[in-house]
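For reference, the chains in residue letters:
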Amino acid sequence: MNCTTAPAASDCSKATAAATAAQAQMPPIVHVIDPPDPHLGPGQLGDLALDAAHTADTLIVFARWRRRSPRLADLVSDILDNAGRVGVQNGVRRYEREDLTLLLPYLLTDPYNHLVVIAAECLHVSGLDDLIAISSLAGYSLTLVLSDQPAADIHEYLNTQVTGRQPFTEAARHWHQQRRLRPARDNRIGRAVATTTTTASAQRRDLAARLQQPAVGNDAATSATIAALCLEDAHTRTHARAAKHVLQRVGIRDPERLAALNVADVAEDGSSVRGTSGHTPVPTHLRRALQRQRLHALVLGQAAGDAFLTVDGSRWRPNGLS
Amino acid sequence: MNAAPRLNVPPFTPIAHRDDLPAHATAFLPAGANLVITPELERLLNAARTVMSNRRLISMPGAPGCGKSTAQAVLAAACSIKTTTCVVPTVKHNRGLAFYAALHSALIGTEALGTQREHENAVHRILSEEPRVLLIDEAQNADFDVLCNLRLLLERPNMHFTVVLSGTGITELLEKYPMLLTWRQLTIDFQRLVTPMRLRTARGGQAHDLARASQLIPTLHGLHHRLARTDETLLVETDRVHCHGLIRSWIALLENLLSFSPDSDEGFSRTELIDAIVMVTNRTPPFRA
């Protein structure tokens, strides 16, 4: 299961590095894998997906087809599902917004570096453009696997964007070797969803049922916390509430002080909070919640002087987060 | 070059008589009428297993009433693995949602409610659980997006299903898109029954193709023993003026014919055939025979 409570130090540095890279406008790393031989029949992409889904730092997702426009809301949901975030309570999942930038806080703070999108030609040029931009901002390397020869405009677009192109058989061999050489992915929910052995909704029901049971003992309490965090979605009230709890843990308890806290007061990696008496350090294991809220502010386009604890960029109201 | 089969399809159960099919699949046949194994059906049963093992697409285009749905029922009865028949609904809007709701409902055997994404995800899970043949009827009502997503679904890990599409004009739909075209491995075209006269007057190349297609007289003889005893000239004339080579029309006419003298074993007379046509159309047919 994906642990959202104890971030590795490398995740924070990844976010900082990604922000720096984006500022320096480094070219995105995009690989394209050519479609498999149609004469060998269906299933070859599934074999590649199985290998890729077991690799520790890789997120894998199948794009869904729609002729008139890309299904970006489904792509957002599928990426969150495959990262083990199966909750649909609020925000992006509930309203099905076709906005890939909403994924940024999670891509930046989750322990993945590589995104594989299968049947990428389904995303059309506009969707691919967004996807490449998001991957670049999040510091991910992106692999676009084609399931069929793309349309002329997509072909032309990819030629201008990709840093590498590989035949399918070579890529399949590469991922098969990676599966043996690289550490296995420990996110059981995400792996099961990615390999179609379960669905996100089944996992959601399972997690919700687990939360209903009384937590007795440390292990059960930890399990319940992790289940709750898996159900937590991007940009929800719980999201801001988690940041508020961290601030309270580091000693900022005064509601007025919390309300007055600005975006610029919190370090981008969540490592410290600026106050009147200097910087308050935040322990490593609590930084992720702050970092997400900080990145969320960037996604919403908030200015440095805007309120930090907010769900949608508006001024924070205590009732909204209680 | 062919890859190793990805779906284990055991040998088919032999089907020769209407009793070999489940009751719901033969409910349209009048009492005493039998299932006719036409050349198309025979070809389908001979070739389907290999195609299904490779999870390739079987397409069955043809005019309405030529026996496509019956062929699907025969295939479902012959298949030893689980089969699900889904009739694509005719809707103007939200065709994707309508299709996946119908497919999800067919898979679970009860009406399913939800969004298209929820239906899609549920269908993904069910199709990964055990080997299954999806028989999709009236596929001309499904739009391209749906068929493409079904094709892409086969590429997901742990998928154990194969698809049989039937519908009027689906060949044009498939041939428009390379992704669907390369998926297809077997096409059985269900045509109207061919009369002996049409065979005799056909040109060289056409005659060979027509001879392979199903024949009017043998099919009608197989359909009911009283039709087998009827004068062939009368049958050909009835087909010319009313049935136009459609099995469905013959079955409807047969129901009327059998109601005239249910206990008789004789062939049908000219008067009976004309009366039966009048019952259906309310017009006297220009019968020449």
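The structure presented is a predicted model; accordingly, all values stated were derived computationally and were not measured.

1. With respect to the sheet that holds strand 4 (residues 141–145) of chain A
All names here are of chain A.
Part 1 of the reasoning: The strand order 2-3-4-1-5 describes an open sheet built from five strands, whose pairing is parallel. A strand with exactly one partner marks an edge of an open sheet, and here the two such strands are strand 2 (58–62) and strand 5 (164–166). Adjacent strand axes in the sheet meet at a mean angle of 20°, parallel and antiparallel pairs treated alike.
Part 2 of the reasoning: Contacts from helix 2 (residues 44–53) reach strand 2, strand 3 (114–118) and strand 4, with the element oriented near 150° to strand 2.

2. Regarding the pattern of salt bridges
Any two side chains of opposite charge can pair, on the condition that their charged atoms come close.
Part 1 of the reasoning: By the definition in use, this model includes 16 salt bridges over all chains.
Part 2 of the reasoning: A salt bridge links Arg71(A) to Glu120(B); the shortest N-O distance between them is 3.0 Å. Within this pair, whereas Arg71(A) is found in the loop between strand 2 and helix 3 (72–82), its partner Glu120(B) is found in helix 4 (residues 116–129), the two belonging to separate chains.
Part 3 of the reasoning: With a shortest N-O distance of 3.1 Å, Arg117(B) and Asp74(A) are connected by a salt bridge.

3. Section: the confidence of the model for chain A
All names here are of chain A.
Part 1 of the reasoning: Confidence in the prediction for chain A averages 77 pLDDT; 73% of positions are at 70 or higher.
Part 2 of the reasoning: The low-confidence segment residues 1–13, where pLDDT is below 50, has 36 contacts with residues more than four positions distant or belonging to other chains.
Part 3 of the reasoning: For residues 318–322, every residue scores under 50 in pLDDT, and the model assigns this stretch 10 contacts once sequence neighbours within four places are set aside.

4. Topic: the environment of Pro157(B)
Part 1 of the reasoning: Relative to the helices and strands, Pro157(B) is located in the loop between helix 5 (144–153) and strand 4 (161–167).
Part 2 of the reasoning: What makes Pro157(B) buried here is its relative accessible area of 1%.
Part 3 of the reasoning: The spacing of Pro157(B) and Ser128(B) is 29 residues in sequence and 8.2 Å in space, taken between C-alpha atoms.
Part 4 of the reasoning: Once you skip the residues sitting within four places of it in the chain, Pro157(B) turns out to touch Gly46(A), Ala49(A), Leu50(A), Phe62(A), Ala194(A), Thr195(A) and Thr196(A).

5. Focus on the interface of chain A and chain B
By a widespread convention, an interface's size corresponds to the accessible area lost as its parts come together.
Part 1 of the reasoning: The interface is formed by 36 residues belonging to chain A together with 31 residues belonging to chain B.
Part 2 of the reasoning: Carbon and sulfur atoms supply 49% of the area that chain A and chain B bury against each other, a total of about 2800 Å² over both sides.
Part 3 of the reasoning: If you sort the residues of chain A by the area they bury against chain B, Pro42(A), Trp65(A) and Thr196(A) come out on top, with a joint share of 25%.
Part 4 of the reasoning: For the pair chain A and chain B, the number of links is five salt bridges.
Part 5 of the reasoning: Note that Arg117(B) and Asp78(A) form a salt bridge whose closest N and O atoms lie 2.8 Å from each other.
Part 6 of the reasoning: Linking chain A with chain B are 16 residue pairs in polar contact (both at pLDDT 80 or more).

About the cut-offs
Residues numbered from 1 in each chain as written. Chains lettered and ligands numbered in written order. Predicted model: local features only at pLDDT ≥ 70, side-chain atom pairs only at ≥ 80, totals over all residues. Heavy atoms only, no water. Pairing = 2+ DSSP bridges. Helix = DSSP H or I, 4+ residues; strand = E, 2+ residues; numbered from the N terminus. Axes fitted to C-alpha atoms, helices over the stretch in contact; angles between N-to-C directions. Contact = heavy atoms within 4.5 Å. Salt bridge = Lys/Arg side-chain N within 4 Å of Asp/Glu carboxyl O. pLDDT = per-residue confidence, 0-100. Buried < 20%, exposed > 50% of the residue type's maximum accessible area, 1.4 Å probe, protein only. Buried area = accessible area lost by both parts, 1.4 Å probe. Polar contact = N/O pair within 3.5 Å; in protein donor to acceptor, adjacent residues only side chain to side chain.

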